[in-house]
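# Structural overview for review
Each chain, written out:
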Amino acid sequence: MIKANNVSHFYGKEQVLYELNFEINKGEFVFLRGESGSGKSTLLSALSTLLKPSSGEISLEGIKVQEIKNIDSFRQIKIGFVFQFHYLINYLTVFENIELAAVKDKQRNIKPLLEELGILDLCTRYPNEISGGQRQRVAVARALINDPAVIFADEPTGSLDSVNSKIVYELLSKAMKKGTTVVVASHDEHVAEYATQTIKMRDGKIQ
Amino acid sequence: MTSFKALSKNPFKSLLIFSSITIAVMAIFLISSVSQGVIGMYSKMINTDGDIIITQKGIADTFFSNVDINLLDKINEMEHVKSSYAMIVGASPVGHLPIAGIYGVSKNHLHHYTLVEGKYPKEGQVLLGKTISKQLRGRTVKIGNKRFRIAGAYKSDIGFEEGGVVMNISDAGKMFSRSASFILVSSDAPNNTDALVKKIKKLDEEIGVKTTQSFVQEYNQFKIIENSSLVISSLAFIMGLMGIASVMSMIVNSRKEEFGIMRALGKSRMFIIKNLFFETLIMSFSAYLFALGLSFLILELLPHIDSLQGYVNGSLSVSISLYVLLSTVFMALLGSLIPAWIASKTDPILLINQGCS
């Protein structure tokens, strides 16, 4: 499903990832853990096609990322993102935020998905009219709308309380049970309760 | 819909762009309309009164032209000449007004002006244009160094004329030391004016003879006005362009996260560029309509401002409106091109870096 082969990355002269090699199988819930500066966010960026590593190869669903011709379209269809800050567009309603991410034939699934996540009543509200926890649930809905092969979450509960954090992890776990691969980079040790695989990073290396 | 929402969510910055486009577009509208109005007024003065114009040869402006008025008798005897008249055009202080157009006309042309008051002037008398007659009270008026009796007032649909003074050509001749500025000839065979032009040319080596149509097309003053208008319009265009580009850059900078989200969601760079273009186009078109309305209002008001004496006049033609519309669209697209390009290059990794622990 996801394969990293000798992946290294430099920011200028500073090396932040050191020849990483690992595989993640389809339907796994991967906990990418490590201290600040361990390189987990850089690795997440590289795995999610946002960052081109300085060397090495990354494959998603058997396709080498470097060989993908239309990376935008690939990202829209195959990858979902959940960030630490919800990053919803503040002038769009909840529905419109998800609609923006949805490919055409998935747009009819927006309301059923919101209903499934228990936030259908927020449909016409704007991000600044809902709570932090609700915003992050909307962000999860946006990540799920296209039934992606993999969801990458970077500190998804970093700005949430424990109740809302649990809700977000349960939503991601539910997606995993439906066959979506989930990769979560986090400090939060509670992720381990949901994870089927843990990758521990330290100084740009896998421990 | 998304573009409308984006604009309404940034009302202050949207208003800044709207204002800079409105001011630039209005400036282009007014400059183009007024310059065309000036050209139109003078062209109409010449075009409506004759098919052929005779001026002094090699003179750049009719103000400096001196043609022998005695040519009128010879011209009137020619075949296909319906009528001819001489005119002196000049400018002089009139009463307390620093400057006004002076039109010295031969007797047969006085009836061209519609009297609204009094009677046609004899020697030593003048007719005042309706616009300046409101500002000049009394029975006499000093023009240059000479005092004239006011015989009446006239109206004309040409602002230059209505803001000026009409007198007998002999009085104007003494004032400006010339026989006539030009002679206008009307032909009863308007399709065969070229032959008449050739015949008139033979009367005097010192005269330049042209059809009024070609005179208007080649008149240097019109070219100067048109070029000046083009230069000022271009400056207004550049100012509008800079306004759009700078505010759009501010907007793009403040919405970097939004573009990062779009890129992370798999939206293409072209999607972001198109969205920003569309936002600018919405504002530009609204600003265009607003500027069109304001310009129309200002152009309606201009002829009623006494201090302008009716000389500043203009009308919005379809061609000017289309020209300005195209300029506005071009300005909007060009002004937002670089900011939109920068926005589309937003690296979505910033979303991870901002939250990076």
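Residues numbered from 1 in each chain as written. Chains lettered and ligands numbered in written order. Predicted model: local features only at pLDDT ≥ 70, side-chain atom pairs only at ≥ 80, totals over all residues.

Before going further, it helps to spend a moment on the pairing of strand E3 (residues 29-34) of chain A. Residue and element names in this part refer to chain A. Counting buried positions along E3 yields six of six residues, so the element is predominantly enclosed. Neither face of E3 is exposed, since Phe29, Phe31 and Arg33 on one face and Val30, Leu32 and Gly34 on the opposite face are all buried. Pairing of E3 with strand E8 (residues 181-186) involves five bridges; the strand directions are parallel. When the bridges of E8 are listed, Arg33 appears paired with Ser186. (Buried ≥ 20, exposed ≤ 12 C-beta atoms within 10 Å, placed from the backbone. Helix = DSSP H or I, 4+ residues; strand = E, 2+ residues; numbered from the N terminus. Pairing = 2+ DSSP bridges.)

Time to look at the sheet that holds E3 of chain A. Strand pairing within a sheet occurs via backbone hydrogen bonds; the two strands may be parallel or antiparallel. Residues and elements named next belong to chain A. The six strands are arranged E6-E7-E8-E3-E9-E10 in an open sheet whose pairing can be described as mixed. Two strands in the sheet have a free side with no partner beyond their single neighbour: strand E6 (79-82) and strand E10 (205-206). Across five bridges, E3 lies against strand E9 (residues 197-202) in parallel orientation. In the strand pairing of E9, Phe31 is matched with Thr198. Contacting E3, strand E7 (150-154), E8 and E9, helix H1 (residues 40-47) runs over the sheet at an angle of about 155 degrees to E8. (Contact = placed C-beta atoms within 7 Å. Axes fitted to C-alpha atoms, helices over the stretch in contact; angles between N-to-C directions.)

Residue and element names in this part refer to chain A. Of all eight residues making up H1, eight are buried, and the element is well covered by its neighbours. Looking only at H1, the buried set comprises Lys40, Ser41, Thr42, Leu43, Leu44, Ser45, Ala46 and Leu47. Trailing H1 by a residue or two, Thr49 shows a phi angle of about 75 degrees, which is positive.

Residue and element names in this part refer to chain B. Taken N-terminus to C-terminus, the directions of helix H1 (residues 2-9) and helix H11 (residues 269-301) make an angle of 70 degrees; their axes are 9 Å apart at the nearest point. Viewed along their axes, H1 and H11 adopt a mutual orientation that is roughly perpendicular. Where H1 crosses over H11, the handedness of that crossing is right-handed. In contact with Thr2, Ser3, Phe4, Ala6 and Leu7 of H1, H11 contributes Asn275, Phe278, Glu279, Ile282 and Met283. For the contact of H1 with H11, the class distribution of residues is six nonpolar, three polar and one charged. (Parallel < 35°, antiparallel > 145°, perpendicular 65-115°, else oblique. Left-handed = near helix turned anticlockwise from the far one by under 90°. Nonpolar A, V, L, I, M, F, W, Y, C, P; charged D, E, K, R; others polar.)

A common way to express how large an interface is: the accessible area buried when the components associate. Between chain A and chain B, the contact holds 25 residues from the first and 19 residues from the second. Only H1, helix H2 (71-78) and helix H3 (94-101) of chain A provide two or more residues apiece to the side of chain A that touches chain B. Top contributing element to the side of chain A that touches chain B by residue count: H2 of chain A, with four residues.

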